[in-house]
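Listed below, chain by chain, are the residues.
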Amino acid sequence: MAWQLIIFSIISTLILIALYFSLFVSVECRKRKRGYTVRQLINGYWPYILAAAAVYGLLQAQFPIRQHLNLLVNYDCTAYIEHIEGGLVAGFQSMATPTLTYLMTFVYLVLFSSIVMFTFIVLAYTEQTAELKRFSLVFILNYLIAFPFYLLFPVTVTGYALPSVQPLMYELHPMVYSAITMVDPLDNCFPSLHVALVFSTLLVIYGTNLRRYTVFLIFAFPTVVFSTLYLGVHWATDIIAGMALSVLTLHIANKYGEQILQHANIAIVELEMLIGVKETIICNMCAYKIITVPHIQFVSCPQCGTRIEHSVL
Ligand SMILES: [Zn+2]
């Protein structure tokens, strides 16, 4: 049953990504490309793709991790949040209609994932390497920092915690409930990753030449925030914590990004040597073809001894 919804979500996400591509990637952006091949892009970005997939997978594997660590947390932190804000979010459901519920469920499940995925794709496609690295780092940090909160500070979704709030999305259809609860224990509230990831996207994209996409995100961000509150998922506190998380992770990425990437690069080079990924560098003195790995930063020419600086992308 849930598979139909998952397939529908994947297809809609792909359609939206194609739509964003035609709307937000201007002709100037396409022209300015240096023309990396797909192979070069994969060689250059595989560590980011792998790390992002790993942290995403970590969250999806929450049930087995909880069991394995014997972290059968037998306490509930919902009362703390309720103490702070009470039934504040109930107001967001005052204009509830079935159409709005369907629309907001689409925003929560599909629009959200399409934004995150498109951001990776568009930054790679337009060869904005610094921004792509920053976005990848921020994405990874958002997940890594939120994860311990989900394990150790469980806060139940508002729809099942507050009598004045209906679980509009979860009870929209049994398919929605079973698809979501396959990976989500419904107590991963604090902080909101939906908010953190979309706000991070806005903060990173704001500094790029993707102006139309920036304008879209300025409208999409409050829509995603509204969807989480309206659908009976998040507390207002989670929204604030999610935004604070994006500011924190962007700060870490800006201040320590270079150092983090330098350390990671050592491991990446080791791994590339182990797998046997190849890159050809032409010596700028004697034109000798040096075979090495993509993420190597310096290489000495075996023929003339020149030290060559190399940057993968
Ligand atoms: Zn040489």
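The shown structure was predicted, so the numbers you read here are calculated from the model rather than taken from an experiment.

1. Focus on the pairing of strand β1 (residues 279–282)
Where β1 meets strand β2 (residues 289–292), 4 bridges bridge the pair, whose relative direction is antiparallel. If you follow T280 over to β2, its bridge partner there is I291. Two successive antiparallel strands, β1 and β2, enclose a turn made up of 6 residues, where A287 displays a positive phi of approximately 60°.

2. Brief notes about the packing of helix α10 (residues 193–205) against helix α11 (residues 211–230)
Direction vectors running N to C along α10 and α11 enclose 165°, while the axes themselves pass 10 Å from each other. Taken together, the axes of α10 and α11 are roughly antiparallel relative to one another. In this structure, α10 crosses over α11, and the sense of that crossing is left-handed. Every residue of α11 that contacts α10 at H194, V195, V198, F199, T201, L202 and I205 is listed here: Y213, T214, L217, I218, A220, F221, V224, V225 and T228. Of the residues assigned to the contact of α10 with α11, the class counts are 12 nonpolar, 4 polar and no charged.

3. Focus on helix α6 (residues 98–125)
The terminal C-alpha atoms of α6, which comprises 28 residues, lie 38 Å apart, in line with the 40 Å expected from a rise of 1.5 Å per residue. The sharpest bend along α6 comes to roughly 35°, located at V107. Directly after α6, the chain includes E127, whose backbone phi takes a positive value near 55°.

4. Concerning the domain arrangement of the protein chain
As assigned here, the protein chain comprises domain 1 (2–267) and domain 2 (279–313). The C-alpha-based centres of domain 1 and domain 2 are spaced at 40 Å. If you tally residues by element for the side of domain 1 that touches domain 2, the top one is helix α3 (residues 38–60), at 3 residues. Counted by class, the side of domain 1 that touches domain 2 contains 1 nonpolar, 5 polar and no charged residues.

How each quantity is defined
Residues numbered from 1 in each chain as written. Predicted model: local features only at pLDDT ≥ 70, side-chain atom pairs only at ≥ 80, totals over all residues. Pairing = 2+ DSSP bridges. Helix = DSSP H or I, 4+ residues; strand = E, 2+ residues; numbered from the N terminus. Axes fitted to C-alpha atoms, helices over the stretch in contact; angles between N-to-C directions. Parallel < 35°, antiparallel > 145°, perpendicular 65-115°, else oblique. Left-handed = near helix turned anticlockwise from the far one by under 90°. Contact = placed C-beta atoms within 7 Å. Nonpolar A, V, L, I, M, F, W, Y, C, P; charged D, E, K, R; others polar. Expected span 1.5 Å × (residues − 1). Bend = angle between axes of the 7 residues up to and from the residue. Domains from an automatic or database assignment.

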